[in-house]
Amino acid sequence: IAPACSVSALGRRSSDSSDSILSHDSVMSLARSISTLAFVVSAVVHLGLVQSAGGLLDSCNAFGFVGVSAEECHAITTSVQRTGGQAEKDMLALAFAAMRGECCQFIGMGAGSVYALLFLSKGTDEVAVIHFMHSVWACIVQVVNSQNAGVLFPFLPAAPEYDPLSQGKLKPFLLLVGCQAVL
């Protein structure tokens, strides 16, 4: 025998679904609003903010976020090319390739957000996989950026290549990615 009462979305027992604190329509409206906001933030961050630095075409352009101009970056890389060993050159090449690859990934994520905004039903199962992909990325990046910025010490200390001044310059990324992780 089924119980006469059901548990509403917010845990209050109700014999009639119209008595629940939030109606199905208001929950769906909230879901649509949050979903839309998440896609807008993703598109602005991934297609606007990140790409505006120009790191896709020249990795040296992307270091402006930490106060290194493209000219300074080019001087550093030229110095490594002239005086560094093969290990230093290889490390620099991999770091720059990874940065450009990250820019490509951001274009894909931003384009997916724009597509979802234009063609899919926000706040529904139709966009769940896109939100899942973004949230997994954002949560993992949040942990990595938190470690790099030194805020997880002593549990997960930053790698030795990050000095305290550099760690401080990474902290704004925590807010940027943290907002995306929450959405």
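Bear in mind the structure is a predicted one, so any value in this text is a computation, not a measurement.

**Q** A description of the side chain of N148 should follow, citing residues and the corresponding values.
**A** One can find N148 in helix α4 (residues 128-148). According to the relative accessible area criterion, N148 is buried, its value standing at 14%. Setting aside chain neighbours within four positions, we find N148 in contact with A158, Y162, Q167 and L170.

**Q** Please set out α4 residue by residue, giving values where relevant.
**A** Its 21 residues place the ends of α4 30 Å apart at the C-alpha level, agreeing with the 30 Å of an ideal helix rising 1.5 Å per residue. Those residues of α4 that fall on the buried side of the exposure criterion are I130, H134, W137, A138, N145, S146 and N148. Viewed along the axis of α4, the buried residues span an arc of 155 degrees, placing them on a single side of the element. Of the residues in α4, the exposed ones pointing more than 90 degrees away from the buried face are V129, F132 and I140. Buried positions along α4 lie against α1 (24-52), α3 (86-119) and α5 (164-182). Count one or two residues on from α4 and you reach G150, which has phi positive near 80 degrees.

**Q** Would you mind going over the packing of aromatic side chains in detail, with residue names and values included?
**A** Counted by the stated rule, this structure contains four aromatic pairs. Residues F63 and F96 carry aromatic rings whose centres are separated by 5.8 Å and whose planes lie at 40 degrees to one another, so their mutual orientation is tilted. Of this pair, F63 sits in the loop between α1 and α2 (70-83) while F96 sits in helix α3; the two residues are 33 residues apart in sequence, bridging distant segments of the chain.

**Q** Residues and numbers for the nonpolar core, please.
**A** With eight residues, the main nonpolar core is built from V45, V50, C103, F106, M109, W137, A138 and V177. Those elements that place two or more of their residues in this core are α1, α3 and α4. Top element by residues in this core is α3. It accounts for three residues. When sequence neighbours within four positions are dropped, the list of residues in contact with V50 reads V45, C103 and F106. If you look at the next biggest cluster of nonpolar residues, it comprises five residues, including A116, L120, V127 and I130.

**Q** Hey, could you go over unusual backbone geometry for me, with residue numbers and the actual values?
**A** Cis peptide bonds are those with omega within 30 degrees of zero, and the linkage from F153 to P154 qualifies with 5 degrees. When you line up the elements, P154 lands in the loop between α4 and α5.

Procedures and definitions
Residues numbered from 1 in each chain as written. Predicted model: local features only at pLDDT ≥ 70, side-chain atom pairs only at ≥ 80, totals over all residues. Heavy atoms only, no water. Helix = DSSP H or I, 4+ residues; strand = E, 2+ residues; numbered from the N terminus. Buried < 20%, exposed > 50% of the residue type's maximum accessible area, 1.4 Å probe, protein only. Contact = heavy atoms within 4.5 Å. Expected span 1.5 Å × (residues − 1). Arc of directions from axis to C-beta. Phe/Tyr/Trp six-rings, centres within 6.5 Å; stacked < 30°, edge-to-face > 60°. Core = buried A, V, L, I, M, F, W, Y, C linked by side-chain atoms within 4.5 Å.

Function cannot be read off these values alone, since they describe shape.
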